[in-house]
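# Remarks on the overall topology
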4 protein chains.
Amino acid sequence: MDYQSILNEIADEITPLLKDGKVADYIPALSMVDPNQFGMSITLFDGTQYSVGHSNTLFSIQSISKLFTFTLALKFHGFDLYKRIGHEPSGNPFNSLVQLEYEKGKPRNPFINAGAINVTDALINHYGDETSAYEEVLKFIRAIADEDSIRSNPIVAVSEMEHGYRNLALANLMKSFNNLDNNVLDVVQTYFNHCAVEMSTKMLSRAMLYLANHGVDPITGKSYITAQQAKRINAVMLTCGHYDASGDFAFHVGLPGKSGVGGGIVALIPKKMGIAVWSPGLNSNGNSLVGTMALELFTTKTGLSIF
Amino acid sequence: MDYQSILNEIADEITPLLKDGKVADYIPALSMVDPNQFGMSITLFDGTQYSVGHSNTLFSIQSISKLFTFTLALKFHGFDLYKRIGHEPSGNPFNSLVQLEYEKGKPRNPFINAGAINVTDALINHYGDETSAYEEVLKFIRAIADEDSIRSNPIVAVSEMEHGYRNLALANLMKSFNNLDNNVLDVVQTYFNHCAVEMSTKMLSRAMLYLANHGVDPITGKSYITAQQAKRINAVMLTCGHYDASGDFAFHVGLPGKSGVGGGIVALIPKKMGIAVWSPGLNSNGNSLVGTMALELFTTKTGLSIF
Amino acid sequence: MDYQSILNEIADEITPLLKDGKVADYIPALSMVDPNQFGMSITLFDGTQYSVGHSNTLFSIQSISKLFTFTLALKFHGFDLYKRIGHEPSGNPFNSLVQLEYEKGKPRNPFINAGAINVTDALINHYGDETSAYEEVLKFIRAIADEDSIRSNPIVAVSEMEHGYRNLALANLMKSFNNLDNNVLDVVQTYFNHCAVEMSTKMLSRAMLYLANHGVDPITGKSYITAQQAKRINAVMLTCGHYDASGDFAFHVGLPGKSGVGGGIVALIPKKMGIAVWSPGLNSNGNSLVGTMALELFTTKTGLSIF
Amino acid sequence: MDYQSILNEIADEITPLLKDGKVADYIPALSMVDPNQFGMSITLFDGTQYSVGHSNTLFSIQSISKLFTFTLALKFHGFDLYKRIGHEPSGNPFNSLVQLEYEKGKPRNPFINAGAINVTDALINHYGDETSAYEEVLKFIRAIADEDSIRSNPIVAVSEMEHGYRNLALANLMKSFNNLDNNVLDVVQTYFNHCAVEMSTKMLSRAMLYLANHGVDPITGKSYITAQQAKRINAVMLTCGHYDASGDFAFHVGLPGKSGVGGGIVALIPKKMGIAVWSPGLNSNGNSLVGTMALELFTTKTGLSIF
């Protein structure tokens, strides 16, 4: 298939829509991003990459980091992780406290904020302290992206914390239900440090290969998790990867994916490729408006879908 | 692959668990079913069938009927259907009123009870009256199962209505929000008539082929819906097919599926086969306990999964 | 105290506000009422009445009827009534299903719709059938108002039923929890028949005397309920009488009271008088805008308050 | 009336029930209190006191402090206070986050935890910093109780903070909605400092006189708030003073009152007296089991009730 032509077509078709999204404005560092940007990349199992647009521009991966922390927590804690976090869609916005209270402090899944904060807590347990937890996750991201320059933006991380009252509310609520082991402020700051990691679509599409290939990096041959764990992470991505629009994404795109408020979305086609798209303007559900559209165009044009 | 051996192995492995499920007891007709039964069938695209256990026994398909009414409503109303019904997971039990009230009478998806009642209302609009709506759905089920003997059990249908106060509450609530066009009692009775259809796992696995094959029956060549519609129905099955345990089903089984309180579950492997399993004992989520387990064993043993 | 002058002052002061309310428009019979009307009456224990405005005009008492059915249900069932209905404020709109579902079909109090429908069901149990229940309640209202001409408006009663889907949802939900004994349609129709009773402020202020005088009509000497029951009904009026604005009414008016969507409000000053006010324009909580204001002016001007 | 005999009778009648309550155990300092204690006091407008039992024993006033902080906040901010806090019953437990989220960070009333934390924030605004806010509230409590020895127990205050995750969640949630002006930790610690104030029933019954006498201390003649403010505080006590059992308290006791998790309850009879009762064993709603019962006996035996 001529992937490059398809990406070029998509870039053309989405251009008129760039102005329709709304850049996240809850922290200054994100609100200043130029909305008029779009990048998209795919990486095949042999390492071939196809890209279009701003595919080398670094952006804040935000909630896409939840995918990587979940991978490590599942690797180290296995099924025990499900004593503290579920794997059901929430049917509520990503930062809702209502369900967390009704369900006695156990987050619905690892991709809503409460769940990802809880995953971070589990990683701090595993690595011993929050600094190690932060660094090991970063090391993992560099490994799967095969790119040592990746770092977290400290300005974004600090700014998130200064506006992070709702996440602090979620963490304190879990703590009140004895479902958080470490210091609330440390856990939330570590969570924000991971959200502030910056990557390009080229890096992210490369980083998805281990999930597309049942846990094994198809280029380096390195095995990160079991085939079953990889399939299950993909299932959670499909059912819970886009908050309250997860059904919509499955319906229109038909691929496992995970979005971030920085405008990035990652997706994958099992046994075939990793995909990443970025455009900072968001739709009303907090997912990249043009990014979602681009992925729908990609599955339509290629006929690739898990269904 | 030696499907027959795999089915035989599964039947052996699940036997000790048959006693753990709990048969639905909200109406007499269902509560009298012997829990000690299990049947499983797969149908390939060339019509080859493999079965084990009580695969010819007729049982009440119940909510599996929602899949067939949704297919017809999507066929006739297209995207207009989404003005009255969403396609997001609900994160709530299948008959909850809470979300329906918060979301002003618009059901979250076509597979929760409110959604299926609404789909029935849309079909009555299309076919002109409730009798035609009932008969045309039955005719469709007979066509896709290639089996003219299929009928609805009137004792079950009447009994459901006598105990259907919660469904009447859902329907009246939608009516109060002007999201139900026809007479409440007629719509709910028609919905129950479809739930009371009786089929075997052999029939049901056959009936799934059009969804596994992008809308076209691979045996007869008859086209029912577009490829995109079929893929989208599969996506809704994956994200919403098992009520509040949809994430769990995706996580453990990894296939689009739909369960019914009569103990049946249908599933499919895109471009490969239709699957049906039946065992009347339910788990705490209202899905067949042994049926869910059998499907997990099937994907593990065959390695077949959409992820 | 010169009550007549105070009533006259109030009538002057509220005149400019008559245009601010919004007449109930969910049924034609109510929506056609001229909003530019206001009446207010008080009745002392010796039978002296003071009135101003449209104090002889008949209007639909609507939810004020809940006070009278609650009185009879408490009289006949005593504390057993609290097995089926609570006496806590709901913190939700008058017709919400959410709390009713969370609390398994037991209404929070007798003044929200679900509670009053449940009270009607209890009265049908007591009187044997719905016709008797309807007639005996009407007889009771005529007795306490000392006015035999009082009747229910059949056009309103039928029209309510035709638009009563939400109340049917509430009743069906209670029935699904086995907290409704009689036929759903019969119970709801009887409830609407009582809501459609028509009275004037003169009649209503007279009808409140038994509650102001600890259960005994101070004029006829007839005892209807015990002193403790009367005090407790007053307590429920104070905490729950105005739906989600009960706290606001207690805060501003400081008297036990009950409002209806027809624009009427009744209140009482223990050991002193019955009060009724009517003006059909409603505020955003569904209580008479000018009526609430008139009662606040009354307690401010007279200094009469239970606090 | 022979108040002393009535109090003695009450003490006799409640003795067998002392063992039925459950002492608060969420912090060590409270859990170690001997449940077998009971004290009750009334103070008349001329200063006469009647007491029975452990009426000189100091106990943690806990949520009764909300009454005093609300008084000061209403005094200084007037109606502006209602921009940040409502005055409606919540229909939910005292520390629920659900309603706070649905109502966008505006607490339902000043007596649920979120409301009292918000009141504390308003007082810090008024007094300039948290130390002054803490000290001025203490000074006010000493003045209305006419007792300079009153102090806050620092062990309780610190212990509350160490277990105060849910309150921190509430405060952070309000902060996320821009409905909290000061530093979250400072506000919550100041709130806990007030909760840790220790008083006896003699002191508390004396401290209620200004509320029973329309804002003016009947003994010293000192005016604290306006008559209307005092009446309105009483109304809020009646509708919201006992969390999710406020209706029950109004129903059975029929007086404005406020309870605390330390086992104390204050109440008042307008124009007559202040009342305080203490017994550390709680009922399932978190109110003193024996204390509630003692107050019901008091109103039954004296016939005193606002209704």
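Residues numbered from 1 in each chain as written. Chains lettered and ligands numbered in written order. Predicted model: local features only at pLDDT ≥ 70, side-chain atom pairs only at ≥ 80, totals over all residues.

### Regarding the interface of chain B and chain A
At the junction of the two partners, chain B supplies 29 residues and chain A supplies 29 residues. Contributing elements (two or more residues each) for the side of chain B that touches chain A: helix 12 (227-240) and helix 13 (246-252) of chain B. The residue makeup of the side of chain B that touches chain A, split by class, is 11 nonpolar, 12 polar and six charged. (Contact = placed C-beta atoms within 7 Å. Helix = DSSP H or I, 4+ residues; strand = E, 2+ residues; numbered from the N terminus. Nonpolar A, V, L, I, M, F, W, Y, C, P; charged D, E, K, R; others polar.)

### Quick notes on the domain arrangement of chain A
All names here are of chain A. For chain A, the assigned domains are domain 1 (3-62 + 199-301) and domain 2 (64-195). Here the C-alpha centre of domain 2 lies 21 Å away from the C-alpha centre of domain 1. The partner domain 2 presents 31 residues to the 30 residues of domain 1 that form the contact. For the side of domain 1 that touches domain 2, the secondary-structure elements that each account for two or more residues are helix 2 (28-31), helix 10 (201-207), helix 12 (227-240) and strand 7 (264-269). Here the side of domain 1 that touches domain 2 gets five residues from one element, more than from any other, and that element is helix 12. (Domains from an automatic or database assignment.)

### Focus on unusual backbone geometry
All names here are of chain A. In this structure, N178 takes a positive phi of about 60° despite not being glycine. Tracing the chain through its elements places N178 in the loop between helix 8 (165-176) and helix 9 (184-195). Even without being glycine, H214 reaches a positive phi, approximately 55°. Within the secondary structure, H214 is located in the loop between helix 11 (209-212) and helix 12. Taking the number of C-beta atoms within 10 Å as the measure of exposure, H214 has 21 and is therefore buried. (Buried ≥ 20, exposed ≤ 12 C-beta atoms within 10 Å, placed from the backbone.)

### Observations regarding the relation of the copies chain B and chain A
Note: a rotation about an axis with an accompanying shift along it relates these two copies of the chain. Once chain B is rotated about the relating axis by 180° and shifted along it by 0.0 Å, it coincides with chain A to within an RMSD of 0.0 Å. The symmetry that links the two subunits is that of a two-fold axis. The residues that chain B uses at the interface reappear at the interface of chain A in 100% of cases, marking a shared surface. (Least-squares fit on C-alpha atoms with pLDDT ≥ 70 in both.)

### Structural notes on the packing of helix 6 (residues 130-145) of chain C against helix 9 (residues 184-195) of chain C
Residues and elements named next belong to chain C. It is at 10 Å that the axes of helix 6 and helix 9 come closest, and there the two elements cross at 15°. Between helix 6 and helix 9, the interaxial angle falls into the category roughly parallel. Here the hand of the crossing between helix 6 and helix 9 comes out right-handed. Residues E130, A133, Y134 and V137 of helix 6 lie in contact with helix 9, whose contacting residues are D186, T190, N193 and H194. Residue composition of the contact of helix 6 with helix 9, by class: three nonpolar, three polar and two charged. (Axes fitted to C-alpha atoms, helices over the stretch in contact; angles between N-to-C directions. Parallel < 35°, antiparallel > 145°, perpendicular 65-115°, else oblique. Left-handed = near helix turned anticlockwise from the far one by under 90°.)

### Observations regarding the environment of K231 of chain D
Residue and element names in this part refer to chain D. Relative to the elements of secondary structure, K231 occurs in helix 12 (residues 227-240). Judged by the 25 C-beta atoms lying within 10 Å of it, K231 is buried. Here the alpha-carbon distance between K231 and K66, two residues 165 residues apart in the chain, equals 16 Å.

### Focus: the sheet that holds strand 2 (residues 39-44) of chain D
Residues and elements named next belong to chain D. Ordered in space as 3-2-9-8-7, the five strands form an open sheet in which the pairing is antiparallel. Edge positions in the sheet fall to strand 3 (49-53) and strand 7 (257-259), since each has one partner strand and no second. Sheet twist, expressed as the mean angle between neighbouring strand axes with direction ignored, is 10°. For strand 8 (residues 264-269) and strand 9 (residues 273-278), the ladder comprises six bridges, and the chain directions are antiparallel. Its bridge partner lying in strand 9, A267 is registered against I275. (Pairing = 2+ DSSP bridges.)

### Comments concerning the sheet that holds strand 8 (residues 273-278) of chain A
All names here are of chain A. If you walk across this open sheet you meet the five strands as 3-2-8-7-6, and the pairing is antiparallel. Looking at the sheet topology across the chains shown, the edges are occupied by strand 3 (49-53) and strand 6 (257-259). Strand-to-strand twist of the sheet, defined as the mean angle between neighbouring strand axes without regard to direction, takes the value 10°. The sheet contact formed by strand 2 (residues 39-44) and strand 3 spans five bridges and is antiparallel. Bridge pairing in strand 3 links G39 to G53.

### A look at the relation of the copies chain D and chain A
The two copies are related by a screw motion: chain D maps onto chain A through a turn of 180° and a shift of 0.0 Å along the axis, at an RMSD of 0.0 Å. Here 100% of the contact residues of chain D are again contact residues in chain A; the copies associate through an equivalent surface.

### With respect to the environment of V197 of chain D
Residue and element names in this part refer to chain D. For V197, the position within the fold is in strand 6 (residues 197-199). Looking at V197, the number of C-beta atoms within 10 Å reads 26, which means it is buried. Measuring from C-alpha to C-alpha, the distance between V197 and S65 comes to 7.7 Å, with 132 residues separating the pair along the chain. Beyond its immediate chain neighbours, meaning those up to four positions away, V197 contacts I61, S65, L138, I141, I150 and S152.

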